[in-house]
Amino acid sequence: MHLARFPRVRLFPTPTPLERLDNLTKALGGPEIWIKRDDCTVVATGGNKVRKLEWLIGEAREQGATHIVTQGAVQSNHVRQTAAVARKFGMRCTALLEHRIDTNDRDYLGSGNVLLDKLFGCAIEYRAGGLDMNAEAEKKGEELRKAGEKAYVIPGGGSNRVGALGYVSCAQELLQQADEMGLKIDRIVSATGSAGTHAGLVVGLEGCNANIPVLGIGVRLPRDRQEANVHRLAEATAEYVGMTGGVRREAVVANCDYVGEGYGIPTEGMGEAVKMLAREEGILLDPVYSGKAMAGMIDLIRKGEIKAGERVVFLHTGGAVGLFGYTPFLEGIA
Ligand SMILES: *Cc1c(COP(=O)(O)O)cnc(C)c1O
């Protein structure tokens, strides 16, 4: 794989930190826990979408785009990061926000990510829950093209073969970083949602024959659908980067037992995980993705499925801005 063949913009210094979590490791008494700080990707308070946007905005610039269109839930971290990067490159941004959660909560609807979207000058349109949101974004793009704009449409979560390059590159970065530190990684754990992060990581690791398993903790779909989505995107990404032989289906593993009632709906385990990382390590997780992923990892450690003696790297995908969309829940547990 030779990623320099693809257009890219640079948005943050690499590598992002790779740190050992001594207090959490001690508190759980299981594996040695490390964290890859992709919450530290600088732009608009950071997060995993910034990595994908290096490649997506790279392509948009190459095509002469004037206007970025994307979509997400009301508290979408992806939309917040996209709105900021678009401005940095002088492009306008329109976001379609889906009412994916049935709530009247003032903070959910007006604070956190959506407040920052407005600050970045993003044009916001709302949609009812349950629509095909990528199709809605394509329609919006068409509308803008008819009005004379050069619209570039980014799918939800920036998850297509272009955005996934961000995590192919992250896998390479992590391997090099671990090799330099002499850190032998037994397993990588990450939240998995719109699939680009998980798919990119798998392609990057498979492409290097790293033999490090990735466990995706699902935040929305049941396991069979999540794994199928990730594998489909991994195959498309592998083909795009010219990796021969495809991606083994067994290389894509998701555990979707920690979703709770649904996407973006708090769980007790998420609350415990957010509080634990804050108090043991001074690290902020988020309520929708990294909090549920960490809740899953903590539970799997307690059950002995992730074993003492292993070295696990948890990928911190960011999202702490979303905490401010969940004030009543967090006040209840803090
Ligand atoms: C989008 C997001 C994820 C999930 O990444 P995908 O590539 O959509 O699977 C995880 N954590 C945070 C904080 C996110 O914003």
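Before reading further, recall that the structure is shown in the block above.
Keep in mind that this is a model prediction, so the values were computed, not measured. (Residues numbered from 1 in each chain as written. Predicted model: local features only at pLDDT ≥ 70, side-chain atom pairs only at ≥ 80, totals over all residues. Heavy atoms only, no water.)

Colleague: Would you take a moment to explain the site of the ligand for this structure?
Modeller: Neighbouring the ligand are 17 residues; Lys 49, Lys 52, Gly 193, Ser 194 and Thr 317 lie closest to it. Gly 193 places a main-chain nitrogen or oxygen 2.7 Å from an oxygen atom of the ligand. Between Thr 317 and the ligand, the recorded distance is 2.6 Å, taken from a side-chain N or O atom to a nitrogen atom. For the ligand, the protein covers 98% of the area, taking 380 Å² as the surface of the free molecule. (Near = heavy atom within 4 Å. Polar contact = N/O pair within 3.5 Å; in protein donor to acceptor, adjacent residues only side chain to side chain. Areas by Shrake-Rupley, 256 points an atom, 1.4 Å probe, with all protein chains shown as cover.)

Colleague: Honestly, the sheet that holds strand β7 (residues 187-192) in this entry has me stumped. Any pointers?
Modeller: Adjacent strands of a sheet form backbone hydrogen bonds with each other and so pair up, either parallel or antiparallel. Judged by pairing direction, the sheet is mixed, and its six strands sit side by side in the order β1-β2-β10-β7-β8-β9 without closing on themselves. The sheet is open, and its two edges are formed by β1 (18-20) and β9 (253-255), each paired on a single side. Averaged over all pairs of adjacent strands, the angle between strand axes in this sheet comes to 30°, irrespective of strand direction. Note that β7 and strand β10 (residues 311-316) share three bridges and pair parallel. When the bridges of β10 are listed, Ile 188 appears paired with Val 313. (Pairing = 2+ DSSP bridges. Helix = DSSP H or I, 4+ residues; strand = E, 2+ residues; numbered from the N terminus. Axes fitted to C-alpha atoms, helices over the stretch in contact; angles between N-to-C directions.)

Colleague: Before we go on, may I ask you to explain unusual backbone geometry in this structure?
Modeller: Both trends apply: most residues other than glycine have a negative phi, and most peptide bonds are in trans. Each neighbour pair has its own omega, and for Thr 14 with Pro 15 the value is -5°, a cis peptide bond. Located in the positive-phi region is Val 42, a residue other than glycine, with phi close to 70°. By relative accessible area, which is 54% here, Val 42 ends up exposed. Non-glycine residue Ala 44 carries a positive phi angle of around 55°. Within the fold, Ala 44 resides in the loop between β2 (32-37) and α2 (48-62). (Buried < 20%, exposed > 50% of the residue type's maximum accessible area, 1.4 Å probe, protein only.)

Colleague: How should I be thinking about the packing of aromatic side chains in this particular structure?
Modeller: Think of a pair of aromatic rings as described by two things: how far the centres are apart, and how the planes are tilted against each other in angle. In the structure shown here, the tally under the stated rule is three aromatic pairs. When the centroid spacing of 4.7 Å and the interplanar angle of 40° are considered together, the rings of Phe 6 and Tyr 240 count as tilted. Placement of the pair is Phe 6 in the segment before β1 and Tyr 240 in helix α9 (residues 223-240), with a sequence separation of 234 residues. Under the relative-accessibility criterion, Tyr 240 is labelled partly exposed at 21%. (Phe/Tyr/Trp six-rings, centres within 6.5 Å; stacked < 30°, edge-to-face > 60°.)

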